[in-house]
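Read off the chains here:
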Amino acid sequence: MSLLAEVAPTRPLYEGGPTVSSIGWGMWRFSGDDVAAAERRVQAALDAGVTLFDTADIYGPDNNEPFGAAEALLGRVLQANRGLASRMVIATKGGISMGVPYDSSAQYLSSAIDASLQRMGVEHVALWQIHRADLLTHSAEIASALEAAHRAGKIGAVGVSNFSPWQVEALAAHLSLRVVSCQP
């Protein structure tokens, strides 16, 4: 048994959803072109008991790489070793657009979800989170886009990142789904 399993038990991500490690790997600095080295890092995390892998479409430019680079690298790892995906629970985030800080319009969220899935080479992520609150988009519009992605089978659950408690409540008031994560 790994130390992680002893210290941090697993738990369901959401009711009826996958079981995840209590500690996830935030893939903010997952970068580079060496797919074999990236696969070894993913494998080491899995061997340590980490099953929740959390990335975002914006992870890349801050590493002097293109928008979506971390997701694309994860996609290359998953393509190189098809068995890894079945051992992982993938979460990603979106809603930050280069040049326009936050965009949670229904049109943008829909395209961001599709682009993330394409970069990672998957049809579904267990958790999709809005990366930052967009004060210019009404919560009802955000909820509508997220529910459409859920109905289409693209996302298993909805979460938020960098939201205040009142922003979480405003979104939750318009969602038929539960907000299952709140990432500071």
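Residues numbered from 1 in each chain as written. Predicted model: local features only at pLDDT ≥ 70, side-chain atom pairs only at ≥ 80, totals over all residues. Heavy atoms only, no water.

### Here we look at the packing of helix α4 (residues 106-120) against helix α5 (residues 139-151)
A packed helix pair is summarised by two numbers, namely the angle formed by the two axes and the spacing between the axes.
Then, in step 1: At a closest axis distance of 8 Å, the pairing of α4 and α5 adopts a crossing angle of 30°. It follows from the interaxial angle that α4 and α5 lie roughly parallel. Note on packing geometry: the crossing formed by α4 with α5 is right-handed. For the pair α4 and α5, the contacting residues are A106, L109 and I113 in the first and E141, I142, A145, L146 and A149 in the second.
Then, in step 2: Broken down by class, the residue content of the contact of α4 with α5 amounts to seven nonpolar, no polar and one charged. (Axes fitted to C-alpha atoms, helices over the stretch in contact; angles between N-to-C directions. Helix = DSSP H or I, 4+ residues; strand = E, 2+ residues; numbered from the N terminus. Parallel < 35°, antiparallel > 145°, perpendicular 65-115°, else oblique. Left-handed = near helix turned anticlockwise from the far one by under 90°. Contact = heavy atoms within 4.5 Å. Nonpolar A, V, L, I, M, F, W, Y, C, P; charged D, E, K, R; others polar.)

### Some thoughts on the packing of aromatic side chains
Then, in step 1: This model, assessed by the stated rule, comprises two aromatic pairs.
Then, in step 2: Arranged with centres 5.4 Å apart and planes meeting at 85°, the rings of W25 and F30 form a pair that is edge-to-face. The pair formed by W25 and F30 is uniform in burial state, with each residue classed as buried.
Then, in step 3: Aromatic rings pair up to connect W25, F30 and F53 into one cluster.
Then, in step 4: Lying over the aromatic face of W28, R29 brings its terminal NZ or CZ to 4.1 Å of the ring centre. (Phe/Tyr/Trp six-rings, centres within 6.5 Å; stacked < 30°, edge-to-face > 60°. Buried < 20%, exposed > 50% of the residue type's maximum accessible area, 1.4 Å probe, protein only. Lys NZ or Arg CZ within 6 Å of the ring centre and 35° of its normal.)

### A look at the side chain of T92
Then, in step 1: Here T92 shows up in strand β5 (residues 89-94).
Then, in step 2: Not counting the four nearest positions on each side in its chain, T92 is found in contact with D54, T55, A56, D57, E71, S116, M120, V125, L127, W128 and Q129.

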